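Fold and geometry: a report
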Amino acid sequence: MSEIDVTEIDVSEIDALQTEALAAVAAAADLDDLEKVRVRFAGKRSRLNTLQKGLRDLAPDERRTRGQQINALRQALEAALGERRQQLAEVALDTRLESERLDLTLPPRRLRPGRPHLLTQVEQEIIDVFVGMGYRVAGGPEAEAGVFNFDLLNIEADHPARQEMDTIYVDGFDDVVLRTHTSPVQARVMTTTSPPIAVICPGRTYRADAVDATHSPVFSQVEGLVVAEGITMGDLRGTLLAFSRRLFGHEREIRLRPSFFPFTEPSAEVDVSFEGAGGNHGWLEILGAGMVDPNVLTACGIDAERYTGFAFGIGIERVAMLRHRVADIRDLFEADARFLRRF
Amino acid sequence: MKLPLSWLTSMVDIDLPVEDLVEIMSTHGLEVEAVTRPGAGAAGIRTARVLHWAPHPAADKLRVVRVTAEGGEGEIELVCGAHNFEVGDIVAHALPGGHVPGVTGPDGAKGLDLSARAIRGVTSNGMLASARELELGDDHAGILVLPADTPLGADFTELVPLGEPVIEIAVQADRGDHLSVLGVARDLAAILDTRWQAPPVPEPVAGPTLPVTLDTDGCERFVTWALEDVTVQPSPPWLAQRLAQCGMRPIDVVVDVTNYVMLELGQPLHAFDLGSLRGPSLRVRSSSGGETLTTLDDQVRELQHGDLVIDDAERAVSLAGVMGGLDTEVSAATTRVLVEAAVWDPAAIRRTSRRLGLVSEASQRFERRVDPEGAARAAARASQLLVELAGARAVGTEHVYREPTPAWSQRERIVVDPARIRALLALDLDADEQAALLARSGSVVHLHEDQHLDVEVPTWRGDLKRPADLAEEVARLHGYDAIPATLPTFEVTGGLTPTQRLERDARDAALAAGFDEALTRPFVGEHALIGVVPSDGRVRLANPLAKDAAAMRPSLLEGLLAALRRNVGQGRAGTALVELGRVFRPVDDPLADLLDAVVDADWRWRAPDGGDLPVQPRAIALAAQGLRLGERWLDAEQRWSVFDVLAVFDEVVARLAPPDAQGWHLDRVPADRPGLHPGRTAVLRLHGHEVGVVGQLHPDEADRRDLPEPVVVGELLLEPLLAVVPDDGHPPVKAVPLVKHPALSVDVALIAAEEVPYAVLEQAVREGAGDLLDGLWWFDEYRGEQIGAGRRSVALRLRLQAPDRQLTDEDAERVIDAVAAAAEQVGAALRR
């Protein structure tokens with residue numbers, strides 16, 4: 001390619017080149033187009049580049065004048081390119097954003113972790129309340145020795161609770177039952193540790209009750225036991241009040257009513273207050289409690305003269321049903337996924 | 001125990017609205033279960049005499065009856081369906097405009113407003129009422145026929161207090177004294193600090209009766225009244241009503257009076273037909289077994305050693321305290337009656353009653369101990385009523401006591417320290433105040449100079465035996481409401497044990513994978529699918545609730561599969577369930593051997609005498625069926641697979657195992673198990689021992705259970721992981737330095753026969769790669785002509801890393817060569 005004599009190009013051509021180049025820039029429809037325009041007017045093989053290279057052959061005066069003209073052209077062109085690039089980039093981004101529009105009101109693919117069973121949730125909540133008050137958690141076997149389930153708990157051999165109508169016995173053993181309460185865990189704790197004791201015993205329990213809307217042969221309890229010097233019935237009341245308020249609401253009150261359990265004396269049924277719709281209010285029985293019977297302490301090897309204690313037993317099903325308005329206890333054990341996933 | 005209010009107020013001064021009374025009772029140890037008003041609303045019911053009856057001209061079973069009109073004069077005609085009356089009988093006539101409460105209408109509504117209406121062409125002016133229609137009991141076999149001396153034209157609600165409140169209480173096991181109106185009246189008097197009085201009774205009659213000998217300590221005393229000239233007839237309405245209010249059926253005046261007095265005073269009575277007793281003498285003894293007695297219910301009872309019986313001169317005539325004998329039962333022809341009131345050993349009565357499955361009103365009271373001082377009063381009261389209501393004449397009384405007093409009946413004075421009671425109850429009551437409270441319930445209390453209380457409790461309070469019992473009595477009468485609320489302070493710290501936290505972790509792993517937690521009833525029948533360590537061993541129940549619940553679950557799978565079935569029945573597209581709980585096996589089950597082998601700790605539960613309890617380790621099980629996401633995402637056709645179950649168990653072990661300890665992972669070994677798919681089942685081994693199993697249900701098994709395939713299940717014993725956790729938990733996980741050099745990624749493909757399990761290939765790769773291996777994933781499985789039939793290619797990606805340097809291509813080459821060599825050892829070839 002022959003060298004071009006830059007002196008032969010007049011100013012009008014530079015002006016024309018600028019007009020043409022700026023028009024091309026303005027006409028570029030997208031960034032690819034604009035890049036082609038840049039290559040054509042400002043690339044290595046562009047007229048502008050050729051003219052620029054020709055400058056070095058000019059005389060100094062000429063070179064300055066022409067150089068200024070060409071530089072002005074280049075600057076104008078680059079400014080135009082830059083501006084147009086930005087414009088086109090914005091358009092391109094807008095186009096992309098528009099094309100990527102999602103309907104976020106469509107439901108997402110759901111996270112579907114499983115749900116812990118309602119009874120597990122309530123049990124853990126009860127456990128956490130007492131753990132917060134300083135209680136330890138203890139466990140024991142469900143097929144349990146009659147001695148732990150009954151004898152050590154002041155339930156004599158001919159007590160009605162031991163009869164077959166209430167207790168499920170394990171065949172082939174001398175005296176093994178499906179524990180009728182979690183109190184045998186208390187007996188295990190008392191026979192193996194010394195006061196002070198503050199323990200709760202959650203777990204499954206059994207009674208020979210036929211299945212209906214309010215009875216289940218298998219159910220679960222959280223029992224509590226505190227044995228130390230100077231424990232009073234006031235401590236029992238305060239503890240159960242704190243528990244009831246944590247579980248049912250801070251405005252709740254509790255009421256203790258005299259009752260009978262073989263392993264406590266004095267014994268109490270405990271009601272929690274409720275305020276229902278339409279000013280309806282009253283008391284709901286939630287648990288049984290009492291001061292540990294001295295016979296129990298003695299049977300478990302604890303000095304009943306020195307130590308006193310209280311115990312309580314909370315039916316987890318009952319709490320769950322009251323709090324969550326479960327009308328039929330069978331729903332808790334049928335594992336219908338609609339029920340399981342509700343809680 | 002049901003307490004008609006009028007009966008109660010005849011023995012204790014109560015001046016309170018029923019609602020307030022009920023509230024006070026409930027908060028003082030007389031738990032009220034219900035207040036009913038049987039017969040409430042009854043109106044327009046008059047006594048009338050039947051003047052004439054004839055069959056209904058248009059209906060075989062109906063009678064057209066004419067009875068006296070209001071005021072006892074004139075005539076009214078009506079239609080009646082009953083046949084148990086004759087001309088001259090006095091009946092309860094419900095007039096048009098009146099109300100009969102005990103009729104249930106065709107729409108289920110209770111109560112009937114009467115009007116004159118035609119029944120098959122005959123106008124019926126009201127109706128003749130049955131006991132049930134007036135809520136006087138269940139009897140609906142015929143209409144009420146009232147005693148002949150009932151005044152005519154009287155308002156029936158004036159004869160008996162229809163609609164009065166009947167308070168039903170739940171009787172505590174230790175409060176036998178609450179099983180009578182008198183007992184409750186006495187306790188109310190103590191609670192309300194007021195007076196009570198028992199009905200006055202006649203003095204004993206000196207005269208001829210039967211001599212009685214007590215040959216057993218099972219009887220503390222025995223009282224009889226002999227009555228002559230007894231007319232066995234229906235009881236008057238007031239007595240029948242009270243029995244009905246208390247839930248007992250009126251029979252005849254003799255039986256009714258014994259029941260009435262039992263309800264009133266708490267002392268069960270028995271009435272013998274004196275004419276049928278051979279003798280003349282009675283003997284009370286303890287049976288040595290091997291004899292029979294036919295009881296009132298016409299059942300032949302075989303007696304056992306220790307059963308208490310009453311003999312006449314020739315034979316046993318009564319199963320004492322439980323049920324009388326048939327031969328000496330009072331009948332319509334009886335004219336001479338022997339009323340017996342005795343005090344029996346509660347334990348003996350309980351044994352006999354349980355063994356024979358014979359729980360009577362009498363046995364329930366004797367079991368809970370009756371007031372020994374009440375027997376004489378009750379016998380006198382019954383005789384008094386029979387004189388009044390059955391025309392009887394009392395001819396003789398006999399009182400016999402067992403000497404010395406049997407041990408079970410002896411009472412000792414109780415010495416208590418009021419300071420201890422005060423401290424225990426946190427109630428600010430001094431010795432005098434406590435003594436006053438105890439005196440209210442009938443105790444005789446002496447305050448000693450050393451401030452101890454000497455308490456002689458009343459004969460009817462068998463529950464008061466020890467200082468703790470008196471503490472409760474003080475608190476009860478003072479009111480539990482006064483006990484303050486305080487919080488104990490103890491020098492112990494609480495919290496979940498490490499094991500308990502790990503149990504929660506195991507559950508969380510399954511929940512995170514999408515399994516919902518189920519809790520199922522842990523009973524099984526004969527057939528049960530068993531997951532881990534199958535065996536026929538069952539922990540059977542001696543008294544199961546049902547045949548299909550005769551044993552404790554040997555595995556968690558059965559309960560979960562039944563739950564899956566219920567969900568399938570609900571039409572769910574997919575269900576995934578997890579259960580955590582104990583499984584139960586006999587002491588010598590193979591599962592016990594497994595636990596012995598794999599658990600390096602004492603995992604057994606024992607009785608205090610050291611005897612083994614049933615094996616009952618904790619386990620986790622999963623069962624899933626159908627679509628993974630359920631019906632909400634119809635585009636996702638992904639189904640639950642055995643790999644989902646395996647993944648959960650791997651995660652459980654990862655979370656529960658001691659950190660950085662060798663060998664704490666599950667080795668999967670293909671297995672063939674009953675009920676499971678032979679090609680899709682693996683046993684999970686920990687340290688070489690089976691601790692779990694995962695598989696797909698065999699098509700036949702799924703079919704048998706009506707479950708759409710595929711159904712996947714798995715069961716993993718948690719005990720091996722939990723039993724070994726130290727009291728203070730596993731050592732904490734230690735951080736490792738994070739290597740700064742980038743890791744090198746190398747892919748290898750191994751070709752081997754189909755029979756070579758992946759696990760074997762992976763193990764070879766691990767051994768070959770050696771220390772540089774930082775991680776390994778399989779990402780492809782290929783079968784095809786290129787590699788030949790019966791073979792497959794498995795592709796794995798290896799991440800290589802050295803702690804101290806950047807790895808090079810040469811390192812990668814060396815690893816690949818070593819992997820190739822190791823693969824060759826297991827019959828696999830590296831695919832170059």
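Computed from a prediction, not measured in an experiment: that's the story for all the values here. In every chain, residue numbers begin from 1 and rise along the written sequence. As they are written, the chains are lettered A onward and the ligands numbered 1 onward, keeping that order. For a predicted model such as this one, the threshold for reporting local features is a pLDDT of at least 70, and the threshold for listing and counting side-chain atom pairs is 80 or more; totals across whole chains, interfaces and linings nevertheless cover every residue. In computing side-chain properties, one takes all heavy atoms of the structure into account and sets aside hydrogens as well as water.

1. Looking at the overall build of chain A
The way it works is that DSSP assigns letters per residue, a run of H or I at least four long becomes a helix, a run of E at least two long becomes a strand, and they are numbered from the N terminus. The helix and strand tally for chain A stands at 11 helices and nine strands. For this measure, only C-alpha atoms enter the radius of gyration; the expected value for a globule follows 2.2 Å times N^0.38, where N is the number of residues. Taking 343 residues into account, the globule formula puts the C-alpha radius of gyration at 20 Å, and chain A, at 44 Å, lies well above it. Exposure classes here rest on a 1.4 Å probe applied to the protein chains alone. A residue is buried below 20% of its type maximum, exposed above 50%, and partly exposed in between. Evaluated residue by residue, chain A yields a buried proportion of 53% over its 343 residues. Contact between two residues is taken to exist if any of their heavy atoms lie within 4.5 Å; hydrogens are not considered. Here the analysis covers contacts within chain A between residues at least 6 apart in sequence; of these, 65% occur between residues at least 24 apart. A total of about 16,000 Å² of accessible surface is found on chain A, and carbon and sulfur atoms cover 51% of it. Each accessible area value is a Shrake-Rupley result obtained with a 1.4 Å probe; residue values ignore everything except the protein chains displayed when judging cover.

2. Remarks on the interface of chain A and chain B
Contacts between the two partners involve 98 residues from chain A and, on the opposite side, 87 residues from chain B. By convention, the term buried area covers the 1.4 Å-probe accessible surface removed from two parts as they join, with the contributions of both added. When the two sides are added together, the surface that chain A and chain B hide from each other amounts to roughly 7,600 Å², 57% of it contributed by carbon and sulfur. The three residues of chain A that bury the most area against chain B are Arg109, Arg112 and Pro258 of chain A, which together make up 9% of that side's buried surface. Salt bridges are identified by distance alone: a Lys or Arg side-chain nitrogen within 4 Å of an Asp or Glu carboxyl oxygen. Seen at the junction of chain A and chain B, the total is nine salt bridges. With a shortest N-O distance of 4.0 Å, Glu142 of chain A and Arg582 of chain B are connected by a salt bridge. Here the element with the most residues in the side of chain A that touches chain B is helix 8 (residues 233-248) of chain A; it accounts for eight residues. Throughout, the ten residues Ala, Val, Leu, Ile, Met, Phe, Trp, Tyr, Cys and Pro are labelled nonpolar, Asp, Glu, Lys and Arg are labelled charged, and all others, Gly among them, are labelled polar. Of the residues assigned to the side of chain A that touches chain B, the class counts are 51 nonpolar, 18 polar and 29 charged.

3. A look at the packing of helix 5 (residues 118-132) of chain A against helix 10 (residues 316-324) of chain A
Residue and element names in this part refer to chain A. Put simply, helix 5 and helix 10 touch, their axes get as near as 9 Å, and they point 105° apart. Considering their axes alone, helix 5 and helix 10 lie roughly perpendicular with respect to each other. Note on element contacts: helix 10 touches helix 5 through Ile316, Glu317, Val319, Ala320, Arg323 and His324, opposite Leu118, Leu119, Val122, Glu123, Glu125 and Ile126. In terms of residue class, the contact of helix 5 with helix 10 is made up of seven nonpolar, one polar and four charged. Working convention: axes come from line fits to C-alpha atoms, limited for helices to the stretch in contact. Angles between N-to-C directions cover 0 to 180 degrees. An angle below 35 degrees is read as roughly parallel, one above 145 as roughly antiparallel, one from 65 to 115 as roughly perpendicular, and any other as oblique.

4. Describing a positive patch on the surface
Residues and elements named next belong to chain A. Residues with no salt bridge and a relative accessible area higher than 30% make up the patches, which join like charges within 9 Å and nonpolar side chains (Val, Leu, Ile, Met, Phe, Trp, Tyr) within 5 Å. His residues and chain termini do not enter the charge count, which takes Lys and Arg as positive and Asp and Glu as negative. One atom stands in for each charge, and that atom is NZ of Lys, CZ of Arg, CG of Asp or CD of Glu. A contiguous patch of positive charge, built from Lys44, Arg45, Lys53 and Arg56, is present on the exposed surface. Summarising the element assignment, Lys44 is placed in the loop between helix 2 (31-42) and helix 3 (47-54). Judged by its relative accessible area of 74%, Lys44 is exposed.

5. Considerations on the packing of aromatic side chains
In this description, an aromatic ring pair is defined by two values, namely the gap between the centres and the angle between the planes. Note on aromatic contacts: the rings of Phe and Tyr and the six-membered ring of Trp form a pair at centre separations within 6.5 Å, being stacked when their planes are under 30 degrees apart, edge-to-face when over 60 apart, and tilted otherwise. Tallied over the full model, the rule gives 14 aromatic pairs over all chains. Judged by centre distance (6.1 Å) and plane angle (10°), the rings of Phe261 of chain A and Phe263 of chain A are stacked. Centre to centre, the rings of Phe222 of chain B and Trp344 of chain B are 6.3 Å apart; their planes meet at 80°, and the pair counts as edge-to-face. Of this pair, Phe222 of chain B sits in strand 14 (residues 219-228) while Trp344 of chain B is found in strand 22 (residues 337-344), placing the two residues 122 residues apart along the sequence. The exposure classification of Phe222 of chain B matches that of Trp344 of chain B, with both residues buried. Only lysine NZ and arginine CZ atoms are considered, and such an atom sits over a ring when it is within 6 Å of the ring centre and within 35 degrees of the ring normal. If you follow Arg63 of chain B out to its NZ or CZ, it ends over the ring of Trp53 of chain B, 3.5 Å from the centre. Note that Arg628 of chain B overlies the ring of Trp640 of chain B, its terminal NZ or CZ placed 4.6 Å from the centroid.

6. Quick word on the pairing of strand 6 (residues 90-104) of chain B
A regular strand places its side chains so that they alternate between the two faces of the sheet. All names here are of chain B. Extensive coverage of strand 6 is indicated by the burial of 12 of its 15 residues. Sheet topology places strand 3 (residues 43-56) next to strand 6; six bridges connect them, and they run antiparallel. Along strand 6, the bridge assignment pairs Ile45 with Ala94. A pair of strands counts as paired when DSSP detects no fewer than two bridges linking them. Looking at chain direction, strand 6 and strand 11 (residues 145-146) are connected through two bridges and run antiparallel. Bridged to Val91 within strand 11 is Val145. Bridge count for strand 6 against strand 10 (residues 127-128) is two bridges, and the pairing is antiparallel. Residue pairing for strand 10: Ala94 is matched across the bridge by Met127.

7. Focus: the nonpolar core
By convention a nonpolar core is built from buried Ala, Val, Leu, Ile, Met, Phe, Trp, Tyr and Cys residues, the set being connected through side-chain atoms within 4.5 Å. Ranked by internal contacts, the top residues of the largest apolar core, which has 276 residues, are Phe312 of chain A together with Met25, Ile169, Phe222, Trp344, Phe649 and Val652 of chain B. Broken down by element, the residue count for this core peaks at nine residues, all from helix 9 (residues 375-390) of chain B. Leu772, Leu800, Ala802 and Ala828 of chain B belong to the second largest nonpolar core, which has 26 residues in total.

8. Overview of the sheet that holds strand 38 (residues 773-782) of chain B
Residues and elements named next belong to chain B. Sheet architecture is open: four strands sit in the order 38-39-37-40, paired in antiparallel fashion. Strands at the two margins of the open sheet, each flanked by one partner only, are strand 38 and strand 40 (829-830). Relative to strand 40, strand 37 (residues 744-753) runs antiparallel, the two being bridged by two bridges. Each bridged residue has a counterpart across the sheet, and for Ile751 the counterpart in strand 40 is Ala829.

9. A short note on the pattern of salt bridges
All names here are of chain B. Taken as a whole and judged by the stated rule, the model has 81 salt bridges over all chains. Between Arg381 and Glu264 there is a salt bridge, with the nearest N and O atoms lying 2.6 Å from each other. Of this pair, Arg381 sits in helix 9 while Glu264 sits in helix 6 (residues 253-265), and the two are 117 residues apart along the sequence. A residue is classified by how much of its surface remains accessible, and Arg381, at 12% relative accessible area, is buried. Judged by relative accessible area, Glu264 falls into the buried class, the value being 2%. Linking Arg618 and Glu719 is a salt bridge whose minimum nitrogen-to-oxygen distance equals 2.9 Å. Remark: Glu719 occurs in helix 18 (residues 719-722) and Arg618 occurs in strand 32 (residues 618-626); sequence separation between them is 101 residues. Of the two residues, Arg618 and Glu719, neither departs from the other in class, the shared state being buried.

10. A short note on the sheet that holds strand 13 (residues 212-214) of chain B
Residues and elements named next belong to chain B. Here five strands make up an open sheet; going across it, the order is 13-16-19-20-21 and the pairing mixed. Each having just a single partner strand, strand 13 and strand 21 (323-324) make up the two edges of the open sheet. Where helix 7 (residues 346-356) meets the sheet, its contacts fall on strand 19 (305-311) and strand 20 (316-319), and the angle it forms with strand 19 comes to roughly 100°.

11. Considering the pairing of strand 15 (residues 270-273) of chain B
All names here are of chain B. The two faces of strand 15 match: His270 and Phe272 on one face and Ala271 and Asp273 on the other face are all buried. Sheet topology note: the strand 15/strand 22 ladder contains four bridges and is antiparallel. Across the sheet, the residue bridging to His270 is Glu340, located in strand 22.

12. Examining the packing of helix 11 (residues 431-440) of chain B against helix 12 (residues 467-478) of chain B
Residue and element names in this part refer to chain B. Between helix 11 and helix 12, whose axes approach to 9 Å, the crossing angle comes to 85°. Viewed along their axes, helix 11 and helix 12 adopt a mutual orientation that is roughly perpendicular. In this structure, helix 11 uses Gln434, Leu437, Leu438 and Arg440 to contact helix 12, whose residues at the interface are Leu470, Glu473, Val474, Leu477 and His478. Class assignment for the residues of the contact of helix 11 with helix 12 results in five nonpolar, two polar and two charged.

13. Side note on the state of the cysteines
Criterion for a disulfide: a pair of cysteine sulfur atoms at a distance within 2.5 Å. In this structure the tally under the stated criterion is zero disulfides over all chains. For the unlinked cysteine Cys300 of chain A, the closest cysteine sulfur is that of Cys201 of chain A, found at 12 Å.

14. Some thoughts on unusual backbone geometry
Following Pro195 of chain A, the chain continues to Pro196 of chain A via a peptide bond in cis, the omega torsion being 0°. In this structure, Pro196 of chain A sits in the loop between helix 7 (183-192) and strand 4 (197-206). Between Glu403 of chain B and the following residue, Pro404 of chain B, the backbone shows a cis peptide bond with an omega angle of -10°. Among the structural elements, Pro404 of chain B can be located in the loop between strand 23 (393-401) and strand 24 (414-416). At Arg369 of chain B, a position not held by glycine, the phi torsion is positive, near 75°. With respect to the helices, strands and loops of the structure, Arg369 of chain B is situated in the loop between helix 8 (361-367) and helix 9. With a phi close to 55°, Ala426 of chain B is a non-glycine residue in the positive phi region. By the element assignment, Ala426 of chain B lies in the loop between helix 10 (418-425) and helix 11.

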